[in-house]
Amino acid sequence: MTAMKINLAERPQHSISALLLFFILHSVQVGVGLQGFQRIVFKSAGHDAWISVLISGIWSVIVLLIMVKTLSFYENTDLYGIHFDVFGKWIGGLFSALYMLYCLFAFFIIIRNYVEVIQAWLFPQLDAWFVALTLVVMAIYTVSGGIRVLVGLCFFSVLFSAWMILLLIFPIEYADWRSLLPVMEANITHLMRGAYDMTFTIIGFEVLYFINPYIKEKEKTLKFSALGLAYTLFVYLSVMIVSLVYFSGAQLENTIWATLTLFKIIHFPFVERFEYLAITFWMLIILPNLGMYLWCAVRGMSRVFHRNEKSYIYWFSLLIIIPVCFVKTRNDVNTLNGFFAKIAFGVVFCYPFLLFAVTWIKKTYKERKRRKSI
Amino acid sequence: MKTFPLIVLLIFSLILSGCTEPKILERVGLITAVGYDDAEDGSGKIKGTTAVLQVDPDALQNVDIMTDEGYTSKGIVNLENLRSSRKIRSGQLRVALFSDRLAKKGLINFADSLARDPSISEIVYMCITEPTSADILNHQYENIPDIGEYLYRLLDQNIKNEEIPSPTIHEFMKGHYAAGFDPVAPILKRKGESVKINGIALMKNDKMVGKLNTKEGYYIKLINGRYKGGNMEFLLPKGSLDPILPKKENKGIPVAIDTLQSSSKIDLINAKEKKFNVSLKIRARLLEIRVPVNLDVPKNMVFVQNVIQNKIKKQADDVIKYALSKETDPFGFGESYRSSVRNSNLTRDQWHKDVSSIKVNVDVDFKLLRTGVID
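Residues numbered from 1 in each chain as written. Chains lettered and ligands numbered in written order. Predicted model: local features only at pLDDT ≥ 70, side-chain atom pairs only at ≥ 80, totals over all residues. Heavy atoms only, no water.

Caption draft 1: Expanded view of the sheet that holds strand β13 (residues 359-370) of chain B. Residues and elements named next belong to chain B. Strand order in this open sheet of 4 strands is β10-β11-β12-β13, and the pairing throughout is mixed. Of all strands in the sheet, those with a lone pairing partner are β10 (231-236) and β13, marking the two edges. When the angles between neighbouring strand axes are averaged without regard to direction, this sheet yields 40°. Taken together, the 14 bridges between strand β11 (residues 253-270) and strand β12 (residues 275-289) define a ladder with antiparallel strand orientation. Bridged to D258 within β12 is R285. (Pairing = 2+ DSSP bridges. Helix = DSSP H or I, 4+ residues; strand = E, 2+ residues; numbered from the N terminus. Axes fitted to C-alpha atoms, helices over the stretch in contact; angles between N-to-C directions.)

If you want it as C-alpha cells, here you go:
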C-alpha cells in the first residue's frame, strides 16, 4: 500500500452543484425500507409510531450536522481520506475496508429485499438470482457511468417518484383518525425503541462522506443535505400517519409491506391493481441506492487500495449475487434485516460521533503543535 | 466498458419477457364471485361455489358455475382446475359470499386467505348469504348473464348511494383486528329472479352474532360518522301528527326524507362508567309525506321536524341497544373509549365483555331545510 492523498484535487468536470445533494441524500434514503417499515416501528411504539419517526428524523439531521462538521475540518476529502489521516495507513485502511464491507452489505440487503417483494407480490416462481442479476447489471451500468451519471439518476429518481406521495389520498378515504389518539401513550423508552427501529429505513445519508469531494459549493452542503433529510422525514411521516389511520393496530402488525398494501386499495378504471405498478416502479426508487452504495465501495478500492475501479465494479457485483441465492425464506430475510439494522445503527448513527471526536482532537493537537513551533 | 452492461440490459429486456408464467386472457378463467357454505355431510369440509368468467366470444355461456368441496379455499380452486379447460385465476374476484351458518362460526380464516393472496384485490366485498351461497350463485337467472359482476354492481351501487356500509375485505380485517369496533357485512338473499340486500349482519370479531334490516343498518353508518347523505324512510307513529292535521290519522304515517348533510360525534362522558353521548346532526329535505299537512305554516314544519327527530332518536336507541346486547360494537364506541382514555390497554376481548354494559345517550339535531319545490 502506498500512501494516499488525503485531499482530492478538485476536478471541475467532475464536480456537482450542492443543490443536487438534496436529491442524492433523499433518493439514497428512500428505498426498500419504505415498503414496510410501519409494522416494525408500530411493534415498539404502538400508535405513537409517528413520533418515533419524527425522533429518528431529527436524530438523522443531528448526525448529518456532525458529518458535515467532520468533513469541514478538511479541504476536500472523503471518509477514506479522513480514515487515513486520523488512524494512519493500517488502522485507517482497516476502517475503510470495514466501511466498504458495510456499503456492500447495504447493497446486498437492498437487492435481497426487493427480490423478496418481487417474489411475494408478482412472480412467486421467479428465481432470486435472476432478479438480482437484472438489478446488478443496472447498477453496474450506472456506476460505470461515473459520478455524474449516478447523480443524474438520483435526480430523476426523486423527480419521477415525487408524485407517489399523492397516492396517499386514496387510503385516507378509509381513515379513522381516532387511531392516533391519545398522543404520547407510549413511554419514552418505547418511542426511542421505535426510533431505533427506523434505522433500516432512514439510513442512506452516510453517502455524504463519499460524495463530499465532488461538491462545488461546500458552504451550502449542510443546507441542501438537511433539506433532503427533511423531505425524507416528511415522506416517512406522511406514510406512517396514513398507515396508522388506515389499518387497525393488530392488522398493521400482520402486514409485512404496509405501504404496498396501502396501494392495494387504489384502483382506477384503467389500472385496476395499482400496487403492481407501484412495485415495478419501485425499481426506479432503489436504483440510486444500489448505484450509490456500489460506487462508495468501489471508490474505496481505488482510494485505499489503489486498484482499478472499473474491474471492481464487476467483482463486487458478482460477490453480491452469490449470497442472494442462499437467503431463501422470509424468515431469513427478516433476520438479515435485523442484523443489518444493528450494524447500520452503529455505522451510521454512532460512528460519526466517534470520528468527529477523533478528528477534532487530532486537529486541535496539530494546531497547538503548529503554534508552539511558531 | 460502459457499453457492455448496456448491451446486456438490452438483451435482457428482449429475453426476459418469456421468463415467467404467462396468463393469456383467452386461456384463463376469471373468478368473479366465490361463495362458501358448510358441507352438508358435516365432515368439516367447506363447499365452495365459484362463478368463473371466460373470455370467449364463441361460448354460449360465458360464466361457469362450479361447486366443489374441500378443506381450504385454495384447495377448492385446485379441484376446480381439474375440471376446467382454462387455468382458474382469482385476480378478478369481486365478491366473496359466506352462508350465515358459516358466518356464525367465524370467517377470519377465509378473510385471511383472501387478504394473504397478493393477486386478490383489497376491495373484494364480503357478504353473508341466506340461506346458502350456492343458492345465489347456482341459480340460472333469466336476466343476469354474469352473477359475479351483477353482485358487484349491486353492492357497489348501494355502497356509493350510502344505503349500506362498505364491506370490503380491508374493512373487515380492520374491524376484526381493531380493539374498539367490529365489522359489519351485508346479507344477500335470492328473491326469485334477482338478488336482494336483505339486511346487515353484525359481527363480533369475525363471527356473525346478529342481524339488522337495511333500514336499521343505516344507523350504523349514521352513528359511526361514515355517512354522508341518502334517502331515508320512516313510519311515524299513528296520531303523532294529529295536532297539525285536518282530521285524525289512524294509521302510521310514512315519510321520506333526503339527507343533505349529516355528522356524528361520539363523546365519552364518563370513562369509569363507560357513558357515551352520540350527537347526530342531520340536515334534510322532505321528499314525501303521505298525509295532507300544510307545510306552509312554519309551526307545522317545526312540528313535523320534531316528530321525525324523535323517531330517529328512538330508532338509533333501539339499534344501539340491539347491537350492544349482542356484544358487538359496529359503531366504534370502543375506539372512542380507547382514544380518550390514556393507557386503557383496551383489547378486543375486554371490550366485548364490557360493551353490553356501556351506557349510550343519543342526541339528535334534525332540521328540515326545505320541502322540495312545492309546499
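Caption draft 2: Looking closely at helix α5 (residues 79-122) of chain A. All names here are of chain A. For α5, with 44 residues, the first-to-last C-alpha span of 39 Å runs short of the 64 Å given by 1.5 Å per residue. Approximately 130° is the largest bend angle found in α5, and it occurs at G88. Among the 44 residues of α5, 33 are classified as buried, and the element is accordingly described as predominantly covered. (Expected span 1.5 Å × (residues − 1). Bend = angle between axes of the 7 residues up to and from the residue. Buried < 20%, exposed > 50% of the residue type's maximum accessible area, 1.4 Å probe, protein only.)

Caption draft 3: Highlighting the confidence of the model for chain B. Confidence in the prediction of chain B, expressed as mean pLDDT, is 86, and 97% of residues score 70 or more. Looking across chain B, the model is least confident in helix α1 (residues 3-15) of chain B, with a mean pLDDT of 76, and most confident in strand β5 (residues 95-99) of chain B, with 93. (pLDDT = per-residue confidence, 0-100.)

Caption draft 4: Spatial organisation of the interface of chain B and chain A. Counting from both sides, the interface comprises 44 residues of chain B and, opposite them, 43 residues of chain A. Summed over both partners, the interface of chain B with chain A comes to about 3500 Å²; 57% of that surface belongs to carbon and sulfur atoms. Considering only the surface of chain B that becomes buried against chain A, B:P118, B:K174 and B:Y177 emerge as the three largest contributors, covering 16% of it. Joining chain B to chain A, the criterion identifies 2 salt bridges. With a closest N to O distance of 2.9 Å, A:E272 and B:R94 form a salt bridge. (Contact = heavy atoms within 4.5 Å. Buried area = accessible area lost by both parts, 1.4 Å probe. Salt bridge = Lys/Arg side-chain N within 4 Å of Asp/Glu carboxyl O.)

Caption draft 5: Region of the structure containing the packing of helix α4 (residues 49-72) of chain A against helix α17 (residues 330-373) of chain A. Residues and elements named next belong to chain A. The contact between α4 and α17 brings their axes to 9 Å, and the two run at 30°. The pairing of α4 with α17 is recorded here as roughly parallel in orientation. Of the two possible hands of crossing, α4 and α17 adopt the one that is left-handed. Taking contact as the criterion, the partners of W59, S60, I62, V63, I66, M67, K69 and T70 in α4 are, on α17, V348, F349, P352, F353, L355, F356 and T359. When its residues are assigned to classes, the contact of α4 with α17 shows 11 nonpolar, 3 polar and 1 charged. (Parallel < 35°, antiparallel > 145°, perpendicular 65-115°, else oblique. Left-handed = near helix turned anticlockwise from the far one by under 90°. Nonpolar A, V, L, I, M, F, W, Y, C, P; charged D, E, K, R; others polar.)

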